[in-house]
Amino acid sequence: MGSVTVSNKKSQTTSLNNYNNLATAPVANKTESVTTNNNCNGWIGGEGASAMTSAPNPKPKIVYGTAGYILEDVPHFTDYISDLPTYPNPLQDNPAYSVVKQYFVHVDDSVPQKVVVHKDSERGVHFRRAGPRQKVYFESDEVKAAIVTCGGLCPGLNTVIRELVCGLHHMYGVKSVLGIEGGYRGFYARNTINLTPKCVNDIHKRGGTVLGTSRGGHDTNKIVDSIQDRGINQVYIIGGDGTQRGAAAIFEEVRRRGLKVAVVGIPKTIDNDIPVIDKSFGFDTAVEEAQRAINAAHVEAESVENGIGVVKLMGRYSGFIAMYATLASRDVDCCLIPESPFYLEGPGGLFEYIEKRLKENGHMVIVIAEGAGQELMSEKMQTMNKQDASGNKLLQDVGLWISQEIKDHFAREKTMAITLKYIDPTYMIRAIPSNASDNVYCTLLAQSAVHGAMAGYTGYTSGLVNGRQTYIPFYRINENRNHVVITDRMWARLLSSTNQPSFLGDKCHNKDNVEEEEPLNQLPNGDLSDDTLKVKKEISSI
């Protein structure tokens, strides 16, 4: 096969009603000539370029632009299936959207991963902007969609399910939507249920998931066989990092078989530890509900002499809930998270700080994330290297442990008598319905996911980046976890609010660890950052 040319579409002001022909070629604004061989290895290009029916390409789909512009694009049907027909988007005849000017997203729209830049910074990494396209790759009657929820519970699951069903039905006229019961294993071991706008109308008012969930049970071949046998051509997978890795495996198998099946992920983690995206749905609700537990602990603590309230919150690897709940409460005296090691004994340790705080205020509140202090705990339970069915490390109960350690210390030292109350609201928080903010966010996530699938995109996660809905390739979501950066201003605000010690001394002021407000993918000396070098290395190897 010869070279493939990706056309440059410069006009950003063209009326969106006059570029139907562009809707089949959404690529970055640069002419890019890419040589490919007959097995499609190294294929880079827009969805409207010559489509392939040969072996699929598992490598990232990257597009260069001017001034250091890099688009980390998502796969499209036309990358591996040829001669697909397109259809006018039914939204153009939808009375609800007829009054919206420029409702269809421009084919070259993208969203930068980083927005803090210097005047000489490169434009850096971008993601494709989410939203409806003027051409779609499914007719309404052709679509048979499936929705599955996996992993732990989280506020907003039912809202996402509802909005997927209603979005498909009301925006695109899709009548066939299946609910897969019981997580991934439901594809091959459970029955499905038919989902209609009527049956999901009120489910957002309930916690949990009406479809049920489970951990593990992922068998790629069985799942794709079931998808193929049932005639499903859109799969919406709601779950955390482990679930998204499973979704990526499903997509690769679907692409290997050459199936016209859109595989779409919607990121769900109450801990907010999924990278790239601004936040995950359910997080705002979790922080809000955590206030009730912190308020109760504060009341208990201040009602007695030398009262201590200990609250354990979710946060296996990342302490975002604990940090934001602490900042919102203003009643917390100490916040302990996995990213910030601490110690108990000796000068500057936790015990010394507790004693000092009790002498000053007569009471205190400690918030601790479930993943904090694991290295300090006794290994009697021998769970440090064990994992659950989703691959998550099994943790010991740090809340009970630290409560007992505090009691034992003051009993041993006999410096003062304390009264300690321990509150663990974990399962209360994750089982409640989502609040108003998360309900709106869930709606945007679900509708963006539907728009992308109808437009022929696949192998992506729908997520918010710098306040804009985007389509993010699976490999970016699965490459690492989002963590609290203890050298940035947000953690400094927390330390200022609680007046707690950093437990690290000068170690935490290492300039090499500063991650906030760096120029976009460029170091102050003008060298490219590791992220940019990594992307360019990947591209050069294609």
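Residues numbered from 1 in each chain as written. Predicted model: local features only at pLDDT ≥ 70, side-chain atom pairs only at ≥ 80, totals over all residues. Heavy atoms only, no water.

Heads up, the rule is: UniProt positions are given in the numbering used here, feature names are shortened, and annotations may be inferred rather than shown by experiment.
Taking an unreviewed UniProt entry as the reference, the protein is identified by name as ATP-dependent 6-phosphofructokinase belonging to Arachis hypogaea. The record held by UniProt for the protein lists under Pathway (unreviewed entry) the comment "Carbohydrate degradation; glycolysis; D-glyceraldehyde 3-phosphate and glycerone phosphate from D-glucose: step 3/4."

## Topic: helix H10 (residues 436–454)
Heads up, the condition is: The numbering of helices and of strands both runs from the N terminus, where a helix is a DSSP run of H or I of at least 4 residues and a strand a run of E of at least 2. Expected helix span is computed as 1.5 Å times (number of residues minus one). For this analysis, a polar contact is any N or O atom pair within 3.5 Å, provided that within protein one partner can donate a hydrogen and the other can accept it, and provided that sequence-adjacent residues contribute only side-chain to side-chain pairs.
In this model H10 runs 27 Å from its N-terminal to its C-terminal C-alpha over 19 residues, within 8% of the 27 Å that 1.5 Å per residue would give. The N-capping residue of H10, defined by a side-chain oxygen 3.3 Å from the backbone nitrogen of Ser437, is Asn435. Once H10 ends, the next one or two residues include Gly456, with phi positive near 95 degrees.

## Details of the sheet that holds strand S15 (residues 334–336)
As a reminder, the rule being used: At least two DSSP bridges between two strands are needed for those strands to be called paired. Angles here are taken between N-to-C directions and fall from 0 to 180 degrees, while the axes themselves are lines fitted to C-alpha atoms, restricted in helices to the stretch in contact.
Strand order in the open sheet formed by 4 strands is S15-S16-S14-S17, and the pairing between neighbours is parallel. The strands lining the two open edges of the sheet, one partner per strand, are S15 and strand S17 (419–423). Looking at each pair of strands side by side, their axes are set apart by 15 degrees on average, direction ignored. As judged from the 7 bridges shared by strand S14 (residues 307–313) and strand S16 (residues 363–369), these two strands associate in the parallel manner.

## Some thoughts on the UniProt feature "active site" (unreviewed entry) in the protein
Condition: Only protein chains enter the area calculation, which uses a 1.4 Å probe; residues under 20% of their type maximum are buried, those over 50% are exposed, and those in between are partly exposed. The contact rule is simple, with two residues in contact once any of their heavy atoms fall within 4.5 Å.
Within the UniProt annotation, "active site" (unreviewed entry) is assigned to Asp271. Structurally, Asp271 is set in the loop between strand S13 (262–267) and helix H5 (283–302). Classification of Asp271 as buried rests on a relative accessible area of 10%. Not counting the four nearest positions on each side in its chain, Asp271 is found in contact with Met314, Gly315, Arg316, Ser318, Phe320, Ile321 and Glu370.

## A word on the side chain of Thr458
Structurally, Thr458 can be placed in the loop between H10 and strand S18 (460–465). Residue classification places Thr458 among the buried residues on the basis of a relative accessible area of 0%. Looking at Thr458, its side chain comes within polar contact range of the main-chain nitrogen of Val263, at 2.9 Å. When residues no more than four places from it in sequence are discounted, the contact partners of Thr458 are Val74, Pro75, His76, Phe77, Tyr80, Phe251, Val261, Ala262 and Val263.

## Considering the packing of helix H3 (residues 220–230) against helix H4 (residues 241–257)
Stated precisely, the cut-off is as follows: In this scheme, roughly parallel covers angles under 35 degrees and roughly antiparallel covers those over 145, while 65 to 115 is roughly perpendicular and the rest are oblique. Take the far helix as your reference; a near helix turned counterclockwise from it by less than a right angle gives a left-handed crossing, and one turned clockwise gives a right-handed crossing. Any residue that is not Ala, Val, Leu, Ile, Met, Phe, Trp, Tyr, Cys, Pro, Asp, Glu, Lys or Arg is counted as polar, Gly included; the first ten are nonpolar and the last four charged.
Put simply, H3 and H4 touch, their axes get as near as 10 Å, and they point 60 degrees apart. With respect to H4, the element H3 is oriented oblique. Like other packed secondary-structure pairs, H3 and H4 cross with a definite hand, here right-handed. Residues Thr220, Asn221, Ile223, Val224, Asp225, Ile227 and Gln228 of H3 lie in contact with H4, whose contacting residues are Ala249, Ile250, Glu253, Val254 and Arg257. Classifying every residue of the contact of H3 with H4 gives 6 nonpolar, 3 polar and 3 charged.

## Quick look at the environment of Phe251
Turning to its location among the elements, Phe251 is positioned in helix H4. Spatially, the C-alpha atom of Phe251 lies 8.3 Å from that of Val261, the residues being 10 residues apart in sequence. Other than its neighbours up to four places away in sequence, Phe251 contacts Pro75, Val263, Thr458, Gly459 and Phe474.

## Some words on the pairing of strand S12 (residues 234–239)
Of all 6 residues that make up S12, 6 are buried, and the element is covered over most of its length. Across the two faces of S12 the burial is the same, with Gln234, Tyr236 and Ile238 and Val235, Ile237 and Gly239 all buried. Note: strand S9 (residues 144–149) against S12, 5 bridges, orientation parallel. Considered in S12, the bridge of Ala145 is made with Gln234. Across 6 bridges, the pairing between S12 and S13 is parallel. When the bridges of S13 are listed, Ile238 appears paired with Ile266.

## What about the pattern of salt bridges?
Working definition: two side chains of opposite charge can pair if their charged atoms are close together. Basically, it comes down to this: Note on definitions: salt bridges are taken to be side-chain nitrogens of Lys or Arg within 4 Å of carboxyl oxygens of Asp or Glu.
Counted under the stated rule, the structure contains 22 salt bridges. Measuring nitrogen to oxygen at the nearest pair gives 3.1 Å for the salt bridge that ties Glu252 to Arg255. Here Arg255 and Glu252 lie together in helix H4, a separation of 3 residues that amounts to about one turn. On the basis of relative accessible area, Glu252 is assigned to the partly exposed category, the value being 31%. Its relative accessible area of 8% is what places Arg255 among the buried residues. One salt-bridge network, in which partners are shared between bridges, spans Asp225, Glu253, Arg256 and Arg257.

## Some thoughts on the packing of helix H1 (residues 157–172) against H10
The contact between H1 and H10 brings their axes to 8 Å, and the two run at 45 degrees. Taken together, the axis directions place H1 and H10 in an arrangement best described as oblique. Two packed elements cross with a definite hand, and for H1 against H10 that hand is right-handed. Of H10, the residues touching H1 (which contributes Thr159, Val160, Glu163, Leu164, Gly167, Leu168, Met171 and Tyr172) are Asn439, Cys442, Thr443, Ala446, Gln447, Ala449, Val450, His451 and Met454.

## Section: the pairing of strand S10 (residues 176–180)
We count it as follows: Whether a crossover is right-handed depends on one test, that the path from the first strand over the helix to the second runs clockwise when the strands point away from the viewer.
Counting buried positions over the 5 residues of S10 gives 4, a clear majority of the element. Bridge count for S9 against S10 is 5 bridges, and the pairing is parallel. Each bridged residue has a counterpart across the sheet, and for Ala145 the counterpart in S10 is Val177. Remark: the S9/H1/S10 crossover connection has right-handed handedness. Looking at chain direction, S10 and strand S11 (residues 192–194) are connected through 3 bridges and run antiparallel. Looking at S11, one finds that Gly179 is bridged to Ile193.

## Let's talk about the nonpolar core
Just so we agree on the cut-off: Only buried residues count toward a nonpolar core, which is a set of Ala, Val, Leu, Ile, Met, Phe, Trp, Tyr and Cys residues joined through side-chain atoms within 4.5 Å. By convention here, the domain bounds are inherited from an automatic or database domain assignment.
Core analysis: the largest hydrophobic core is formed by 99 residues, its most contacted members being Ile147, Leu164, Tyr236, Ile238, Ile250 and Phe281. Among the elements that make up this core, the one with the highest residue count is H1 (9 residues). Viewed by domain, this core spans two of them, domain 1 (62–280 + 434–478) and domain 2 (283–431), each represented by three or more residues. Ignoring anything within four residues of it in the chain, the contact list for Tyr236 reads Ala145, Ala146, Ile147, Val148, Leu164, Leu168, Val264, Ala449, Val450 and Ala453. If you look at the next biggest cluster of nonpolar residues, it comprises 24 residues, including Ile308, Leu336, Leu350 and Val398.

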